[in-house]
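As a plain string of letters, each chain reads:
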Amino acid sequence: LACFDEVIGLDSTNAEAFVRKGIALERLGRLDEAIDSYDRAIALDDSMTMAYLSKGGVFNRLERYGEALQCYEQALRVQKKPSIA
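This is a predicted model, so every value here is computed, not measured. (Residues numbered from 1 in each chain as written. Predicted model: local features only at pLDDT ≥ 70, side-chain atom pairs only at ≥ 80, totals over all residues. Heavy atoms only, no water.)

1. What to know about the pattern of salt bridges
Point 1. Under the criterion given, the structure shown has six salt bridges.
Point 2. In this structure, Arg61 and Glu26 form a salt bridge, with 3.5 Å as the shortest nitrogen-oxygen distance. Taken together, the residues span a long stretch of sequence, with Arg61 in helix α4 (residues 49–61) and Glu26 in helix α2 (residues 15–27) at a distance of 35 residues.
Point 3. On the basis of relative accessibility, which here comes to 51%, the residue Arg61 falls in the exposed class.
Point 4. For Glu26, a relative accessible area of 17% puts it in the buried group.
Point 5. Two residues, Lys55 and Asp39, come together in a salt bridge whose shortest N-O distance is 2.5 Å. Taken together, the positions of Lys55 in helix α4 and Asp39 in helix α3 (residues 31–44) put the pair 16 residues apart, joining distant regions of the chain.
Point 6. Lys55 sits in the buried class, given a relative accessible area of 14%. (Salt bridge = Lys/Arg side-chain N within 4 Å of Asp/Glu carboxyl O. Helix = DSSP H or I, 4+ residues; strand = E, 2+ residues; numbered from the N terminus. Buried < 20%, exposed > 50% of the residue type's maximum accessible area, 1.4 Å probe, protein only.)

The structure is reproduced here in structure tokens:
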């Protein structure tokens, strides 16, 4: 967790670091903080499928199934976006 905080301190626009921090927080049982970290990642890069999937997983654990479904649906929408070459 400290390593991710250090990376974020060096580059607060690193969405991947926020996703990884969220995963670490989730493993520590700090689910609300994990959701916040996933939200930060999504705010920085709304095409991060992993952030939506991870956030959906936390909502499932919290039995907040409607919110989990929204996250999974958003992950699918992001995944289906055509890439610009």
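That was the structure; now back to the text.
2. Digging into the side chain of Ser37
Point 1. Mapped onto the elements, Ser37 comes out in helix α3.
Point 2. Engagement of the side chain of Ser37 in a polar contact is seen with the backbone nitrogen of Gly22, the distance being 3.4 Å. (Polar contact = N/O pair within 3.5 Å; in protein donor to acceptor, adjacent residues only side chain to side chain.)

3. Description of the environment of Leu31
Point 1. Relative to the helices and strands, Leu31 resides in helix α3.
Point 2. On the basis of relative accessibility, which here comes to 14%, the residue Leu31 falls in the buried class.
Point 3. Sequence-wise, Leu31 and Phe59 are 28 residues apart; in three dimensions their C-alpha atoms are separated by 8.7 Å.
Point 4. When sequence neighbours within four positions are dropped, the list of residues in contact with Leu31 reads Glu26, Val58, Arg61 and Leu62. (Contact = heavy atoms within 4.5 Å.)

4. Description of unusual backbone geometry
Point 1. A positive phi angle is found at Glu63, which is not glycine, with a value near 60°.
Point 2. Within the element layout of this structure, Glu63 appears in the loop between α4 and α5 (65–80).

5. Here we look at α2
Point 1. Taking 1.5 Å per residue as the helical rise, α2 with its 13 residues ought to reach 18 Å, and the 19 Å between its terminal C-alpha atoms agrees with that figure.
Point 2. Counting buried residues in α2 gives 10 out of 13 residues, a clear majority hidden from the surface.
Point 3. Regarding α2, the residues found buried are Ala15, Ala17, Phe18, Val19, Lys21, Gly22, Ile23, Ala24, Leu25 and Glu26.
Point 4. Structurally, α2 contributes buried residues whose contacts are with α1 (2–10), α3 and α4.
Point 5. Its side-chain oxygen placed 3.2 Å from the backbone nitrogen of Glu16, Asn14 serves as the N-cap of α2.
Point 6. Downstream of α2 by one or two residues, Gly29 has phi in the positive range, about 80°. (Expected span 1.5 Å × (residues − 1).)

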